[in-house]
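# Report on the structure
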Amino acid sequence: MRATSRLVALCAKLGESFSCALIDGRIRIRTHFLFPDGDVIDVYVHEQDVAFTVTDLGESLRWLRMQTAGQQITAKQRRSVSDVCVHHGVEVLRDEITVHVTALESLPAAIKRLAQASLYVAYRGL
């Protein structure tokens, strides 16, 4: 299946509150979730061999860092991020919240889980 047809199929499964675009070889999913300052939470899907990686490209932790005076995430915030990731079944790799999926059918749920994790990271980290 080509990337454009995969994009159309994925967008149809996500529903009207999500919009999709193909950017630099990744599918950007614009969600209806917002950071506390009103910025939209976007997640990105990248296909690798037989799996998909869904990531926030580091935006959630970057946003959290920008809310602190020293632009550093505290130990308490790191614990909170870790708790959120465990609860949502995602992980932090190189400061990106990420989830790996092997089946196209599992992708919509993974996208929503990752977007919710990004939202909780922002609110619990404050």
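Whatever comes next refers back to the structure up there.
Summarised in this report is the structure supplied together with it. The shown structure was predicted, so the numbers you read here are calculated from the model rather than taken from an experiment. (Residues numbered from 1 in each chain as written. Predicted model: local features only at pLDDT ≥ 70, side-chain atom pairs only at ≥ 80, totals over all residues. Heavy atoms only, no water.)

### Digging into the side chain of T31
Inspection of the secondary structure assignment puts T31 in strand β2 (residues 26-34). In this structure the side chain of T31 is engaged in a polar contact, spanning 3.1 Å, whose partner is the backbone nitrogen of F33. Among the polar contacts listed, one links the side chain of T31 to the backbone oxygen of I41, at a separation of 2.5 Å. (Helix = DSSP H or I, 4+ residues; strand = E, 2+ residues; numbered from the N terminus. Polar contact = N/O pair within 3.5 Å; in protein donor to acceptor, adjacent residues only side chain to side chain.)

### Some points on the pattern of salt bridges
Summed over the entire model, instances satisfying the criterion amount to four salt bridges. The partner of D42 in a salt bridge is R30, with the nearest N and O atoms 2.8 Å apart. Of this pair, D42 sits in strand β3 (residues 40-48) while R30 sits in strand β2, and the two are twelve residues apart along the sequence. Looking at D42, the relative accessible area reads 13%, which means it is buried. (Salt bridge = Lys/Arg side-chain N within 4 Å of Asp/Glu carboxyl O. Buried < 20%, exposed > 50% of the residue type's maximum accessible area, 1.4 Å probe, protein only.)

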